[in-house]
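Report on the structure
Single-letter residue listing:
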Amino acid sequence: MTDDQPATAKDEQGNSAEPGGTEPARTAKSERTRALILETAMRLFQERGYEKTTMRAIAAEAGVSVGNAYYYYEGKEFLIQGFYDRMTHEHALDARARMEGRTDFSERLSLALESWVDCAAPYHEFAAQFFRTAADPNSALSPFSNESHPARATSVQIFREVLDGSDLGPKIDPELDELLPDLLWLHLMVVVLYWVFDRTDDTERTRAFVKRCAPFVAKIVTLSRYRVFRPLVRDAVDMVKEFVLPTIGRTTASAKPAALADPEVGAKRRRRAKG
């Protein structure tokens, strides 16, 4: 327990909730309080830095008790997880709207990545503040951690939709089809890293990077569907499964493949393989 952590956290009505216990009921008032605490924390992280901001300071600025703050967020790292969740939700909604009616894979990928840069723009200065902590592989703030799984799963799903909504989706090798959303999420992490250190106006270099990379990635994915490249694709898939995905907490690849979980999906992919 930290020096500013109460023994028991309580909500506005005085209901007790031990840190790590069940999530409070999602009433309209509780949602407003949760959002207020998160927004206050984001502002203080920007102004004071992540390390120097305490839960007590966040509660005081938000006008709530320390116990109330802990009722909604177990600690500062869970506030960052709240930020991740909100950010990925905003990105998913915006990316889907931009991709509506577009079927070219390269265009859909570019739109999804550009959407992330636009949604993240208000948080650029804050991102540099907590990157040092998030870069620690043992930190719960890492995008590769188990704690970040919900936000990561939402983001991976966006790239599943990038592929499935494209004219390239039905033509892709079944083995690559299963893994590609995870690989595209890893590509997004490269964009994020570039974005964090980008100090150009409106992160212009990151935007140029996305415009250059998206068509290049799309070309590589397109080439993978040709039979002559299938052995290379399978070697690459095996290496990623063996060396990359095991380092990511609870990735989609650690669960049953969709082809095993859903017979209809499995049949669809077998038909692709025969074609």
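Residues numbered from 1 in each chain as written. Predicted model: local features only at pLDDT ≥ 70, side-chain atom pairs only at ≥ 80, totals over all residues. Heavy atoms only, no water.

As a further point, take the overall build of the chain. Helix and strand counts for the chain stand at 12 helices and two strands. Every one of the 275 residues in the chain was classed for burial, and the buried ones make up 46%. Within the chain, residue pairs in contact and separated by at least 24 positions form 70% of the contacts whose partners lie at least 6 positions apart. (Helix = DSSP H or I, 4+ residues; strand = E, 2+ residues; numbered from the N terminus. Buried < 20%, exposed > 50% of the residue type's maximum accessible area, 1.4 Å probe, protein only. Contact = heavy atoms within 4.5 Å.)

One non-glycine residue with positive phi stands out, namely Asp202, at about 55°. Positionally, Asp202 belongs in the loop between helix H8 (174-196) and helix H9 (204-223).

On to H8. Spanning 23 residues, H8 covers 34 Å between terminal C-alpha atoms, matching the ideal 33 Å at 1.5 Å per step. Along H8, the sharpest change in direction is near 45° and occurs at Leu180; proline Pro181 comes one to four residues later. (Expected span 1.5 Å × (residues − 1). Bend = angle between axes of the 7 residues up to and from the residue.)

Another point: the environment of Ser148. Here Ser148 is to be found in the loop between helix H6 (124-134) and helix H7 (149-164). Linking Ser148 and Ile80, residues 68 residues apart in sequence, is a C-alpha distance of 9.4 Å. If near-sequence neighbours (up to four positions away) are discounted, Ser148 is found in contact with Gln81, Tyr84, Ala140, Leu141, Ser142 and Pro143. Within the structure, the side chain of Ser148 is placed 3.2 Å from the side chain of Ser145, a separation counted as a polar contact. (Polar contact = N/O pair within 3.5 Å; in protein donor to acceptor, adjacent residues only side chain to side chain.)

Scanning the entire structure with this criterion turns up seven aromatic pairs. Ring plane angle 90° and centroid distance 5.2 Å describe the contact between Tyr71 and Tyr72, whose orientation is recorded as edge-to-face. Residue Tyr71 shares its accessibility class with Tyr72, and that shared class is buried. Considering the side-chain rings of Phe83 and Tyr84, the 6.2 Å spacing of their centres and the 45° angle between planes classify their relative orientation as tilted. Both residues of the pair, Phe83 and Tyr84, belong to the buried class. In this structure an aromatic cluster arises from ring pairing among Phe83, Tyr84 and Tyr123. In this arrangement the basic side chain of Arg34 is found over the ring face of Tyr73, its NZ or CZ atom lying 5.6 Å from the centre. (Phe/Tyr/Trp six-rings, centres within 6.5 Å; stacked < 30°, edge-to-face > 60°. Lys NZ or Arg CZ within 6 Å of the ring centre and 35° of its normal.)

Note that Ser30 resides in helix H1 (residues 28-48). A polar contact of 2.9 Å, which involves the side chain of Ser30, links it to the backbone nitrogen of Thr27.

Once that is clear, we can look at the confidence of the model for the chain. Here the chain averages 81 in pLDDT, while 79% of its residues score no lower than 70. This stretch, residues 15-24, has a pLDDT under 50; its non-local contacts, to residues over four places away or in other chains, come to 19 contacts. Segment residues 250-275: pLDDT under 50, and 27 contacts once partners within four positions in sequence are set aside and those in other chains are kept. (pLDDT = per-residue confidence, 0-100.)

Our next topic: the nonpolar core. Membership of the largest hydrophobic core comes to 70 residues, with the highest contact counts inside it found for Phe45, Leu79, Phe105, Leu109 and Phe159. With residues near it in sequence (within four places) discarded, Leu109 still touches Phe159, Val162, Leu184, Ala214 and Val217. (Core = buried A, V, L, I, M, F, W, Y, C linked by side-chain atoms within 4.5 Å.)

Here we take up the packing of H1 against helix H2 (residues 55-62). With their axes 9 Å apart at the nearest point, H1 and H2 run at an angle of 120° to one another. Compared by their axis directions, H1 and H2 come out oblique. Crossing angle aside, the handedness with which H1 passes H2 is right-handed. Of the residues in H2, those touching H1 at Leu36, Ile37, Thr40, Ala41, Arg43, Leu44, Phe45 and Arg48 are Ala57, Ile58, Glu61 and Ala62. Classifying every residue of the contact of H1 with H2 by side-chain character gives eight nonpolar, one polar and three charged. (Axes fitted to C-alpha atoms, helices over the stretch in contact; angles between N-to-C directions. Parallel < 35°, antiparallel > 145°, perpendicular 65-115°, else oblique. Left-handed = near helix turned anticlockwise from the far one by under 90°. Nonpolar A, V, L, I, M, F, W, Y, C, P; charged D, E, K, R; others polar.)

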